[in-house]
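Given next are the chains, with one letter for each unit.
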There are 4 protein chains.
Amino acid sequence: MAKSTFEYVKKFELDDTILPNTWMVVRLDGKCFHKFSDDHNFAKPNDIRALRLMNFAAFSVLREFNDVLMAFGQSDEYSFIFRKHTTLYKRRAAKLLTTINSKFSSSYVYYWPKFFEREPLKYPPAFDGRIVTYPSEENLIDYMKWRQADVHINNLYNTTFWTLVLKGNLTPQQAEKRLCGTVSADKNEILFQEFNMNYNNEPEIFKRGTLLIRKSISNDQEHQSVIIDVHDDMLRDKFWVEHSSLLLEKKIKTNLVYEGPITDIIQEQKKHIKK
Amino acid sequence: MAKSTFEYVKKFELDDTILPNTWMVVRLDGKCFHKFSDDHNFAKPNDIRALRLMNFAAFSVLREFNDVLMAFGQSDEYSFIFRKHTTLYKRRAAKLLTTINSKFSSSYVYYWPKFFEREPLKYPPAFDGRIVTYPSEENLIDYMKWRQADVHINNLYNTTFWTLVLKGNLTPQQAEKRLCGTVSADKNEILFQEFNMNYNNEPEIFKRGTLLIRKSISNDQEHQSVIIDVHDDMLRDKFWVEHSSLLLEKKIKTNLVYEGPITDIIQEQKKHIKK
Amino acid sequence: MAKSTFEYVKKFELDDTILPNTWMVVRLDGKCFHKFSDDHNFAKPNDIRALRLMNFAAFSVLREFNDVLMAFGQSDEYSFIFRKHTTLYKRRAAKLLTTINSKFSSSYVYYWPKFFEREPLKYPPAFDGRIVTYPSEENLIDYMKWRQADVHINNLYNTTFWTLVLKGNLTPQQAEKRLCGTVSADKNEILFQEFNMNYNNEPEIFKRGTLLIRKSISNDQEHQSVIIDVHDDMLRDKFWVEHSSLLLEKKIKTNLVYEGPITDIIQEQKKHIKK
Amino acid sequence: MAKSTFEYVKKFELDDTILPNTWMVVRLDGKCFHKFSDDHNFAKPNDIRALRLMNFAAFSVLREFNDVLMAFGQSDEYSFIFRKHTTLYKRRAAKLLTTINSKFSSSYVYYWPKFFEREPLKYPPAFDGRIVTYPSEENLIDYMKWRQADVHINNLYNTTFWTLVLKGNLTPQQAEKRLCGTVSADKNEILFQEFNMNYNNEPEIFKRGTLLIRKSISNDQEHQSVIIDVHDDMLRDKFWVEHSSLLLEKKIKTNLVYEGPITDIIQEQKKHIKK
């Protein structure tokens with residue numbers, strides 16, 4: 001039973017270290033979530049329970065991995081950004097990728113009942129993942145903008161589509177045809193003229209997705225670092241100027257002060273804060 | 001909101017296709033499972049509930065991915081072997097790795113209550129993963145033998161260690177000292193002489209881990225392909241001779257007939273089998 | 001002048017070890033050799049001097065690297081096959097690739113005057129290279145067949161094309177048009193009917209390229225291992241049956257006996273053989 | 001002779017594209033150059049002919065590849081830096097690496113007689129190569145400083161060592177022992193006190209290596225872009241401030257004006273400059 005006879009097979013494990021001094025982004029995507037959302041009666045075009053569960057699962061990741069600087073989520077995808085100089089798991093790609101992916105996936109199932117009280121989970125979902133490397137701050141910011149621009153484009157389309165279907169009584173085929181070739185202004189116009197609906201008034205979480213970052217809040221006279229969930233506009237450069245300290249290596253425990261509403265995610269952390 | 005301005009960031013996603021005509025193995029390992037098992041009162045040295053849950057989560061993976069030929073698990077680790085010529089996800093490493101990892105992780109949480117009735121899951125666990133490539137059948141078989149030899153070595157040690165602690169009233173430190181430098185024969189002797197315990201009579205699942213493979217069973221006069229969970233001795237070449245058809249590409253739906261006991265995992269599938 | 005301040009940049013050198021137990025093939029290709037051959041008045045369709053120089057440069061590589069099992073060349077390309085279990089340079093891809101590539105390139109220039117006596121080299125040529133990995137013997141043999149089939153296809157085309165141009169007085173455009181859509185049989189027919197030329201009688205080096213392998217020859221009653229240059233037909237399986245010992249790991253110093261003509265390459269080695 | 005039957009082997013060629021927006025550095029090193037320099041009677045500690053040949057071979061590379069921004073050489077090594085946004089060969093690592101390596105190697109042999117008039121080249125040398133990626137300008141500058149600090153350290157050591165041997169009549173072993181544990185100041189002192197030699201007066205090419213960059217010179221009232229060979233001190237930040245335009249993407253044809261001496265390398269290009 002000489003284990004050593006077979007141990008040579010370890011040599012087939014090749015090194016997958018990621019280049020130092022780069023921004024590593026792990027992006028997760030729900031596998032077959034079109035079917036999954038139908039099977040679990042997700043509201044259309046957005047299910048607030050599903051979004052809040054995604055956020056909470058991502059929060060569960062950030063809470064455990066201090067080297068994750070921020071995360072951004074929308075629909076059934078979530079991106080996690082490591083601080084630039086992290087040496088977590090020696091920057092081995094598979095290790096970083098799978099640990100984040102696994103924690104997120106198990107958290108999604110674990111916290112399901114917290115958000116879907118009357119909708120039991122019918123089967124365990126899966127998320128695929130990839131790890132991408134960005135050399136410069138500019139590339140990273142463009143990545144964040146890319147994902148947020150994607151929220152806008154998809155959500156405006158989906159909102160108009162489902163309004164045409166649910167309130168306009170069009171079939172999905174008719175709605176699709178109606179929207180074919182339209183630009184943003186057209187869709188805004190349809191919503192406003194035909195359904196008296198101002199897209200701008202839609203919830204920020206739908207229009208912009210959710211950003212998880214670390215800020216400090218005042219907690220009984222002390223400033224405490226917490227993970228906050230916000231829906232800021234990252235497409236404006238103003239955001240990046242205000243949050244420039246976020247990307248600076250030495251400031252992972254940011255001194256950015258948060259004074260917004262106490263969300264569930266923030267509340268969750270206050271429990272653990274020592275007085 | 002020109003998404004296209006930022007879309008260039010997609011070009012940073014590099015190709016990670018795995019060499020064709022090789023055996024790809026995904027191995028998952030529990031993250032900090034020493035603590036996790038303490039937190040959830042796992043029996044020592046083996047918790048049958050935990051092992052059965054691992055097996056069921058792995059079964060959940062095999063049931064979904066027909067290109068996974070077999071899987072082998074022990075303790076808090078599980079290996080999944082893809083059929084040699086699979087083109088699933090175009091053999092992209094991250095995609096294969098994360099999809100298996102995620103499905104396993106979410107299944108572990110989802111099926112937890114099925115096996116741990118009175119022990120609630122306190123927090124979502126995480127599993128890391130790696131994907132390793134083996135060029136030859138011989139290398140793959142040695143990989144399987146390596147993992148099974150590992151079960152034997154660990155289980156004999158753990159069984160003796162915990163017997164010394166739980167029945168012999170040694171402290172963990174004393175037990176560790178006692179076992180230092182001993183070989184297999186010594187441990188067998190300790191168990192037999194001092195505790196009247198024949199290691200050979202220990203359950204196969206503890207001594208050999210669990211292999212999930214696809215065989216056919218007779219089901220109301222029809223032969224049906226099912227995933228079976230067995231504890232065969234893969235260290236003997238006899239096993240590989242008998243199962244040689246398993247590794248042949250054209251025989252993924254094997255004609256190997258299974259006539260063993262109907263386990264929970266097999267029973268689970270019979271429900272879905274049409275009459 | 002603290003070198004150590006900057007030495008961290010070494011950490012950006014990532015590991016590129018190639019999977020063990022695989023066949024590594026380095027293939028070199030002349031860069032812009034169409035122009036290079038025009039600039040140096042290469043005979044069309046084949047320049048025997050150029051082919052012999054390529055072979056000699058490849059021989060110079062094999063003579064230095066014992067872990068190169070064989071090499072196959074045609075036109076301006078050459079493939080080098082390492083023995084399967086080589087651990088040369090710890091199987092690091094860049095190191096293997098560049099060392100072979102560099103030795104070949106410098107040899108090409110160094111030995112130029114030996115083959116091009118009256119044609120001075122006008123400028124230093126360049127060869128690009130790649131390293132490809134094959135898991136099985138079957139894949140490797142198919143690689144060799146692929147390259148040799150390529151010689152046949154190209155040479156039959158080029159021979160017919162240049163015969164039409166040089167003897168048939170067609171312009172290159174007319175010759176190209178004439179050959180458009182023709183199959184092998186058509187080209188053979190053109191050569192035979194119009195130019196009374198039997199393609200089968202063309203030199204083997206043109207039709208089949210050159211294979212460099214290690215065999216033994218009798219040298220004053222002793223058997224000595226030498227690198228031989230032959231033009232065998234590797235497309236026939238007979239070749240691989242006869243040379244099966246070549247691919248067996250333990251037989252790198254093959255016991256295959258060579259009894260063919262003493263080529264320049266073989267002669268070159270006899271000088272160094274001790275009596 | 002169906003080539004297509006075997007063509008599947010092309011699928012084993014995996015993608016090796018390098019991350020966009022990074023500095024790619026190709027570094028070449030002479031293989032067994034200790035022996036090579038002995039075999040060709042290189043002067044100790046520096047052979048000016050050998051250094052000039054290295055520079056000329058590197059110049060031959062820069063002249064051909066406009067996307068090589070600069071190069072730095074010392075002893076038997078040379079580094080080539082691509083401009084950050086090059087898309088040459090689609091940034092495929094092996095292609096970039098081997099093309100540079102091959103051109104350099106063949107040039108080294110080709111130009112050998114130009115510098116070693118009375119010393120025939122005995123055999124073709126080889127250079128290995130690697131390609132390394134740097135995400136930031138700071139990393140790249142530190143790379144350049146690292147290599148130049150290396151020149152200083154090695155040259156001061158070698159100068160002192162060979163002075164002790166050649167003028168001080170020590171054996172190499174004695175010289176080595178004498179220098180063991182000495183710092184820079186000690187070596188300067190040995191040279192000055194014992195051999196009346198001021199290390200600072202040593203030729204810049206020995207102390208600092210050679211940098212090849214593109215600048216413009218006035219040529220008959222016109223400004224022409226040329227590759228210049230200088231021995232500037234890159235360890236001082238002043239150099240990088242003055243040459244900051246060099247690293248800016250849009251300025252590959254730099255407007256830095258060169259007013260130094262007309263070296264052989266510059267002279268070589270004037271021939272080709274149109275009036």
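Residues numbered from 1 in each chain as written. Chains lettered and ligands numbered in written order. Predicted model: local features only at pLDDT ≥ 70, side-chain atom pairs only at ≥ 80, totals over all residues. Heavy atoms only, no water.

- Going by an unreviewed UniProt entry, chain A carries the name tRNA(His) guanylyltransferase and comes from Manduca sexta.
- According to the UniProt record, the Sequence similarities (unreviewed entry) comment for chain A reads "Belongs to the tRNA(His) guanylyltransferase family."
- According to the UniProt record, the Catalytic activity (unreviewed entry) comment for chain A reads "a 5'-end ribonucleotide-tRNA(His) + GTP + ATP + H2O = a 5'-end phospho-guanosine-ribonucleotide-tRNA(His) + AMP + 2 diphosphate + H(+)". (UniProt positions renumbered as here; feature names shortened; annotations may be inferred.)

**Digging into the environment of F192 of chain C**
Okay, step 1: Mapped onto the fold, F192 of chain C is located in helix α8 (residues 184-195).
Okay, step 2: Dropping the residues within four chain positions of it, F192 of chain C is found in contact with M197 and N198 of chain C. (Helix = DSSP H or I, 4+ residues; strand = E, 2+ residues; numbered from the N terminus. Contact = heavy atoms within 4.5 Å.)

**Quick look at the UniProt feature "binding site: Mg(2+) 1" (unreviewed entry) in chain A**
Residue and element names in this part refer to chain A.
Okay, step 1: Feature annotation in UniProt places "binding site: Mg(2+) 1" (unreviewed entry) on D29, G30 and D76, given in this structure's numbering. Of the residues just listed, which span 48 residues, no C-alpha pair is farther apart than 5.8 Å, and they cluster in one region.
Okay, step 2: Within the secondary structure, G30 is located in strand β1 (residues 23-30).
Okay, step 3: Assessed through its relative accessible area of 14%, G30 is described here as buried.
Okay, step 4: Beyond its immediate sequence surroundings of up to four residues, G30 is in contact with D76, A126 and F127.
Okay, step 5: Those residues in contact with D76 that sit more than four places away from it in its chain are L28, D29, G30, F33, M54 and F127. (Buried < 20%, exposed > 50% of the residue type's maximum accessible area, 1.4 Å probe, protein only.)

**Focus: the UniProt feature "binding site: Mg(2+) 2" (unreviewed entry) in chain A**
Residues and elements named next belong to chain A.
Okay, step 1: According to UniProt, the feature "binding site: Mg(2+) 2" (unreviewed entry) maps to D29 and D76 in the numbering used here.
Okay, step 2: If you trace the backbone, D29 turns up in strand β1.
Okay, step 3: Assessed through its relative accessible area of 17%, D29 is described here as buried.

**Remarks on the relation of the copies chain C and chain D**
Okay, step 1: For the pair chain C and chain D, the superposition axis carries a translation of 0.0 Å, the fit reaches an RMSD of 0.0 Å, and the rotation angle comes to 180 degrees. In the structure described here, the two chain copies are related by an operation that fits a two-fold rotation axis. Ranked by how close their C-alpha atoms come to the rotation axis, the residues of chain C are headed by S106 of chain C, at 2.2 Å.
Okay, step 2: Both copies contact each other with a shared surface, as 100% of the interface residues of chain C are interface residues in chain D too. (Least-squares fit on C-alpha atoms with pLDDT ≥ 70 in both.)

**Observations concerning the sheet that holds strand β5 (residues 210-219) of chain D**
Remark on secondary structure: sheet strands pair via backbone hydrogen bonds, oriented parallel or antiparallel.
Residues and elements named next belong to chain D.
Okay, step 1: Strand order in the open sheet made by the 6 strands is β4-β1-β3-β2-β5-β6, with antiparallel pairing throughout. At either end of the open sheet lies a strand with only one pairing partner, and these are β4 (127-134) and β6 (222-230). Between one strand axis and the next, the sheet turns by 25 degrees as a mean value, whatever way the strands run.
Okay, step 2: Pairing of strand β2 (residues 68-74) with β5, which is carried by 4 bridges, proceeds in the antiparallel orientation. Of the residues in β5, the one forming a bridge with A71 is L212.
Okay, step 3: Those strands touched by helix α3 (residues 48-64) are β2, β3 (77-82), β4, β5 and β6, and its axis lies near 20 degrees from that of β3. (Pairing = 2+ DSSP bridges. Axes fitted to C-alpha atoms, helices over the stretch in contact; angles between N-to-C directions.)

**Comments concerning the interface of chain A and chain C**
Okay, step 1: Contacts between the two partners involve 8 residues from chain A and, on the opposite side, 8 residues from chain C.
Okay, step 2: Buried area between chain A and chain C, summed over both chains or domains, comes out near 740 Å², and the portion from carbon and sulfur atoms is 78%.
Okay, step 3: When the buried area of chain A at its contact with chain C is split by residue, F12, L14 and P20 of chain A rank highest and sum to 57% of it.
Okay, step 4: At the junction of chain A and chain C, the tally comes to 0 salt bridges. (Buried area = accessible area lost by both parts, 1.4 Å probe. Salt bridge = Lys/Arg side-chain N within 4 Å of Asp/Glu carboxyl O.)

**Side note on the interface of chain C and chain D**
Okay, step 1: With 54 residues of chain C at the interface, the matching set in chain D holds 54 residues.
Okay, step 2: Remark: the boundary between chain C and chain D carries 8 salt bridges.
Okay, step 3: When the shortest N-O distance is used, the salt bridge between K95 of chain C and D128 of chain D registers 2.6 Å.
Okay, step 4: On the surface where chain C and chain D come into contact, there are 29 residue pairs in polar contact (both at pLDDT 80 or more).
Okay, step 5: With 13 residues, the single largest contributor to the side of chain C that touches chain D is helix α4 (residues 93-110) of chain C.
Okay, step 6: Taken together, the residues of the side of chain C that touches chain D sort by class into 26 nonpolar, 12 polar and 16 charged. (Polar contact = N/O pair within 3.5 Å; in protein donor to acceptor, adjacent residues only side chain to side chain. Nonpolar A, V, L, I, M, F, W, Y, C, P; charged D, E, K, R; others polar.)

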